[in-house]
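Coordinate inspection notes
Below are the chains, spelled out letter by letter.
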Amino acid sequence: MMRFMLLFSRQGRLRLQKWFTAISEREKKKIIREMTTMVLARPPRTCNFLRWKDLKIVYKRYASLYFCLGVEDEENELLALEIIHRYVELLDKYFGNVCELDIIFNFEKAYFILDEFLMGGEIQETSKQIVNRAIESSDMLQEDDHSEWYDVELFG
Amino acid sequence: MPAPIRLRELIRTIRTARTQAEEREMIQKECAAIRSSFREEDNTYRCRNVAKLLYMHMLGYPAHFGQLECLKLIASQKFTDKRIGYLGAMLLLDERQDVHLLMTNCIKNDLNHSTQYVQGLALCTLGCMGSSEMCRDLAGEVEKLLKTSNSYLRKKAALCAVHVIRKVPELMEMFLPATKNLLSEKNHGVLHTSVVLLTEMCERSPDMLSHFRKLVPQLVRILKNLIMSGYSPEHDVSGISDPFLQVRILRLLRILGKNDDDSSEAMNDILAQVATNTETSKNVGNAILYETVLTIMDIKSESGLRVLAINILGRFLLNNDKNIRYVALTSLLKTVQTDHNAVQRHRSTIVDCLKDLDVSIKRRAMELSFALVNGNNIRGMMKELLYFLDSCDPDFKADCASGVFLAAEKYAPSKRWHIDTIMRVLTTAGSYVRDDSVPNLIQLITNSVEMHAYTVQRLYKALLDDISQQPLVQVASWCIGEYGDLLVSGQCEEEEPIQVTEDEVLDVLEGLLVSNLSTPVTRGYSLTAIMKLSTRFSSVNRIKKVVSIYGSSIDVELQQRAVEYNALFKKYDHMRPALLERMPIMEKSASNGPTEIVQTNGEAEPSAVESKHPPPVTQPTNQANDLLDLLGGNDVVPVIQTTMPTKPASAGGELLDLLGDLSLSGGPAPAPAPSVPASQPPFLLDGLSSQPLFNDIAAAGIPPMTAYSKNGLKIDFTFERANPNPNIAVITIHATNSTEAEMTDFVFQAAVPKTFQLQLLSPSSNVVPALNQGTVTQVIRVLNQQKQQLRMRIKLTYTHKGSAVQDLAEVNNFPPQSWQ
């Protein structure tokens, strides 16, 4: 399973943190610090994998953002890269040419999308369309909140 | 109260802050506003406020005062509230605090909500951070949802079930009925999460594993359809249909096929198909191939398939993509033990990876290269590895040097080659070698008698070039001290002998003493070396002068040595030649007793020199340091006992071979057994002085036992309690030989489980006379503080009628009184 996913900028500012195990705040802060230091220190053109404690760290840079996944030993690192890429594609579809600012100003949406794609450290849905449709429907439910009545079309 | 500012506005404002202090100020102001808004119990803006709080939390500021507000949001009827509420719960609440339990009821209600997206939120939150209590309470609801026909909910319920099982493994059984037709789903999301659920169940329970083995044909079919089916836009990634699902199925197949012939056979074809048909131009195809290779190697696959797998890894090694090379090296490292020959075929590619720019790849290539070294390729491989050692990063040098030493020791084609290799390592990476390599090297040199002259000459020349690398300098001083006579007499056969005078040699050694580059340890070495030369060189006066100068050295160690050496010159000059004579050949097994050569603690030195059968030390240098420390630095030395035939360099490794799953008491060896009885590890010293410790009289009440009897060798144990510590059992072994030929080089080794501590003292001899004409005895002391049942593994080696015999045995029949 995956243990955590972090997004941070090149200056080390955290943009998203998803934890799939129960750990203390202090522990989380420590991990964030170590991940950002380690990943940002990597020279260019090195491979995207690192070993850290008993985990494999898979990271990839997209424009100004680093996507960092901490996975357990049995996980397939090459597939982890695909998972990161799939998440970026989902963000891209939703925001239209996603950039770091989108994620900064709409962080809660980034979480919602992630929660439709991954859950409990595993992949929840392998189809891009289904994830997108679920997000769109949920957004529409939010719209309906502002209307007088609460009656909604369900997308299966 | 004006309406609280919107989230995006807050974000914009905070981003304008130019300093950390400015940002903190803004945050504090906003937090205060939010707090008062919470106090007013304002439903309208609660959602907005919590969202802002979550943003500030991400920046690193405390947000715990929002926890209860999240719960209120979750309980709200509005979907927007619930969405933010659940997000807040996942980010701010953690299962350590009881607050999170208040969520349980809300989640339960939401799991039964009429809107599937609300149900989805509840499942997601439970599946990400549900505590064990929550899981117990809500498992039933999850199980119900696992059987629903709504695929959106079913897939989430499956992953939620996985989480429940991880938190509360006992609940696994209750999900079993629901798994019955999970795999007949068409929906990929449900299929994928079902496979994850099945995998989790199989990993946790062998019963589940056997139960689910029957699913192998179905899994194979699903995988086949994925590969053979045409383009499916919904799941396509670079031309491959749902790679995530493929990989997950391969992983489940791996678990099901492991150690099971029938399942492995059933999946052979599909694995071969995936391995040959998958498109390798993109990362995604290689990810599938990688998983396939891992599966093939783990199940009972036929050899053709295994070779196919290794060849795939070989191809990966040639791939331009670094990630793929990295992954290949990691996998090859895992398989090199089991499929050694197949991996050997790719040796040259692996060695090329040593030159890669990527640090992680280099490290793996290095580890793999060492694993591939054998008697046939040692020369070629060593050339590459030494070249690597020259140019690699400092982080690697220590490991590489150790690896080179180990490999050289195992496979050296000739002694000269071995010594040359070690010299090369010392001169190029000398400061990075591990501490124990110095004594190991010294021992190696001592044993290569014919190479003494060559070695000392090369070392001397190396010293002339560079005295900064301490291990090199230490070894060199030691050798010059020992073989200085060979050096000045110019006797070298292997290469052109150099002309050097006694004075030049002494100049070099004295230079070491005064140099700033020398550590105190090195200075000790060179002083002792100078002293030794007093019996080999004729310029005794010069040496006397040097020694007396250091009698007032600030360094206490040097001072002590110098004073003692001075004493040797003055009062014990008649003993000096005997004391300083050439070191005898050390057997490869070695103990850590005090050195036999120099023992100026006032005790009877001749007796120390006489004790021949405990072979001399592996670490004369440590001994030279520990002259007066008879109790010795025991923890440093990884050696079992006096006559153990283990190679010192791999002492740790050998011991682990012997002991298998009986781990050693604290550290790589049971308590070391010095050759001088007076030196004992402290714990066994209580109450006992240097009396002979073994006692032929059977301990009152504890009956003797036969521990081993095979091929004419019988080993009996007799017991006695050591006063005053009743936790120590003193066991004397009596070895007798009923055959017609004597057993020579007899060595007894023992190991005990971790809760015990063991000490072996010197044996009475290492020849067991034939026809029961005599007994070899040896004392074992076992500390059994936890009063556990005594078990012991013993290893016996001896030479009988010209051939070497070795045997391992477990001794379990200890009488209860010996350990109770």
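Just above, that's the structure.
What comes next is a walk through the structure. Bear in mind the structure is a predicted one, so any value in this text is a computation, not a measurement.

Okay, the overall build of chain B next. On a plain count of helices and strands, chain B comes out with 34 helices and 10 strands. Across the 820 residues of chain B, 59% fall into the buried class. Relative to all contacts within chain B whose residues are 6 or more apart in sequence, the contacts with residues 24 or more apart total 70%. If you sum the accessible surface of chain B, you get close to 33,800 Å²; carbon and sulfur atoms cover 50% of it.

Facing 67 residues of chain A, the contacting portion of chain B comprises 72 residues. The three residues of chain A that bury the most area against chain B are Leu78, Phe105 and Met119 of chain A, which together make up 12% of that side's buried surface. For the pair chain A and chain B, the number of links is 8 salt bridges. For Glu122 of chain A, the salt bridge identified is with Arg248 of chain B, shortest N-O distance 2.7 Å. At the boundary of chain A and chain B, one finds 25 residue pairs in polar contact (both at pLDDT 80 or more). Listed by contribution, the elements that provide at least two residues to the side of chain A that touches chain B are strand E2 (14-19), helix H1 (25-40), strand E3 (49-52), helix H2 (77-95), helix H3 (100-105), helix H4 (107-117), strand E7 (122-123) and helix H5 (128-146) of chain A.

Moving on, we get to unusual backbone geometry. All names here are of chain B. Residue Asn259 is not a glycine yet carries a positive backbone phi of 60°. You can see Asn259 is positioned in the loop between helix H13 (243-257) and helix H14 (261-277). Its identity is not glycine, yet Leu771 carries a phi of approximately 50°, on the positive side.

Residue and element names in this part refer to chain B. Taken together, 5 strands build an open sheet; the order of strands is E3-E4-E5-E8-E7 and the sheet is antiparallel. Each edge of the open sheet carries a strand with a single partner, namely strand E3 (705-710) and strand E7 (757-760). Averaged over neighbouring strand pairs, the angle between their axes works out to 20° when direction is ignored. As paired strands, E3 and strand E4 (residues 713-721) are joined by 5 bridges and run antiparallel to one another. Bridge pairing links Tyr708 to Ile715 in E4.

Let us look at the pattern of salt bridges. Tallying each qualifying case throughout the model produces 54 salt bridges over all chains. Where Arg166 of chain B meets Glu122 of chain A, a salt bridge forms, and the shortest distance between an N and an O atom there is 2.8 Å. With Arg166 of chain B in helix H9 (residues 151-167) and Glu122 of chain A in strand E7, this pair bridges two chains. In this structure Glu122 of chain A comes out as buried when scored by relative accessible area, which is 4%. Between Asp573 of chain B and Arg576 of chain B there is a salt bridge, and its shortest N-O distance comes to 2.7 Å. The partly exposed category is assigned to Asp573 of chain B, whose relative accessible area is 33%. Residue Arg576 of chain B is classed as buried on the basis of its relative accessible area, which comes to 10%. Where salt bridges share partners, they join Glu75 of chain A together with Arg251, Arg254, Lys258, Glu291 and Asp298 of chain B into one cluster.

What follows is about the packing of aromatic side chains. Tallying each qualifying case throughout the model produces 15 aromatic pairs over all chains. With a centroid separation of 5.2 Å and 65° between ring planes, the pair formed by Tyr117 of chain B and Tyr152 of chain B is classed as edge-to-face. Taken together, the residues span a long stretch of sequence, with Tyr117 of chain B in helix H7 (residues 116-129) and Tyr152 of chain B in helix H9 at a distance of 35 residues. Residue Tyr117 of chain B is classed as buried on the basis of its relative accessible area, which comes to 4%. Centre to centre, the rings of Phe746 of chain B and Tyr798 of chain B are 6.4 Å apart; their planes meet at 40°, and the pair counts as tilted. In this pair, Phe746 of chain B sits in strand E6 (residues 743-751) while Tyr798 of chain B sits in strand E9 (residues 792-800), placing the two residues 52 residues apart along the sequence. Summarising the burial analysis for this pair, Phe746 of chain B and Tyr798 of chain B share the class buried. In this structure an aromatic cluster arises from ring pairing among Tyr62, Phe67 and Tyr87 of chain A. The ring centre of Phe65 of chain B lies 4.1 Å from the NZ or CZ of Arg35 of chain B, which sits over that ring. Sitting over the face of the ring of Phe112 of chain A, Arg83 of chain B holds its NZ or CZ atom 4.1 Å from the ring centroid.

Moving on to the sheet that holds strand E5 (residues 65-71) of chain A. Residues and elements named next belong to chain A. One open sheet holds the 5 strands; their spatial order is E2-E1-E5-E4-E3, and the pairing between them is antiparallel. Where the open sheet ends on each side, the last strands, each with one partner, are E2 and E3. Between one strand axis and the next, the sheet turns through 20° on average, direction left out of account. As paired elements, strand E1 (residues 2-9) and E2 share 5 bridges and run antiparallel to each other. Note on E2: the bridge partner recorded for Leu6 is Gln17.

With that settled, consider the pairing of E9 of chain B. Residue and element names in this part refer to chain B. When you tally the buried positions in E9, you get 8 out of 9 residues, the bulk of the element. Sheet topology places E6 next to E9; 7 bridges connect them, and they run antiparallel. Note that in E9 the partner of Thr744 across the bridge is Thr799. Here E9 hands over to strand E10 (residues 803-811) after 2 residues, with Lys801 in that stretch at a positive phi of 50°.

On to helix H23 (residues 415-429) of chain B. For H23 of chain B, which comprises 15 residues, the first-to-last C-alpha distance of 21 Å matches the rise-based estimate of 21 Å (1.5 Å per residue) to within 8%. Looking at the buried positions of H23 of chain B, the neighbouring elements they touch are helix H21 (378-391), helix H22 (394-411), helix H24 (437-447), helix H25 (452-465) and helix H26 (470-489) of chain B.

The rules behind these values
The written sequence of each chain sets the order in which its residues are numbered from 1. The lettering of chains begins at A and the numbering of ligands begins at 1, in the order of writing. Totals for whole chains, interfaces and linings use every residue, but because this is a predicted model, local features are given only for residues with pLDDT of at least 70 and side-chain atom pairs only at 80 or more, for both listing and counting. Note that water and hydrogens are dropped before the side-chain values are worked out from all heavy atoms of the structure. Here a helix means four or more residues in a row that DSSP labels H or I, a strand means two or more in a row labelled E, and each is numbered from the N terminus. The cut-offs for exposure are 20% and 50% of the maximum accessible area for each residue type, with area from a 1.4 Å probe on protein chains only; residues under the lower value are buried, those over the upper are exposed, and the others partly exposed. Here a residue-residue contact requires only that any non-hydrogen atoms of the pair lie within 4.5 Å. Per-residue accessibility takes into account occlusion by the displayed protein chains alone, with areas from the Shrake-Rupley method and a 1.4 Å probe. By convention, the term buried area covers the 1.4 Å-probe accessible surface removed from two parts as they join, with the contributions of both added. By salt bridge we mean one thing: a side-chain nitrogen of Lys or Arg within 4 Å of a carboxyl oxygen of Asp or Glu. Here a polar contact is taken to be a pair of N or O atoms separated by no more than 3.5 Å, where protein atoms must pair a possible hydrogen donor with a possible acceptor and residues adjacent in sequence count only if both atoms sit in side chains. Following DSSP output, two strands are said to pair if at least two bridges run between them. Geometry is summarised by axes, namely lines fitted to C-alpha atoms with helices restricted to the contacting stretch, and by angles between N-to-C directions that run from 0 to 180 degrees. What counts as a ring pair is set by centres within 6.5 Å for rings of Phe, Tyr and Trp (its six-membered ring), and what kind of pair is set by the plane angle: stacked under 30 degrees, edge-to-face over 60, tilted for all other angles. In this scheme, the term charge over a ring applies when either NZ of a lysine or CZ of an arginine sits within 6 Å of the ring centre and within 35 degrees of the ring normal. One less than the number of residues in a helix, times 1.5 Å, gives the span that helix is expected to have.

That's the geometry; what it means functionally is another story.
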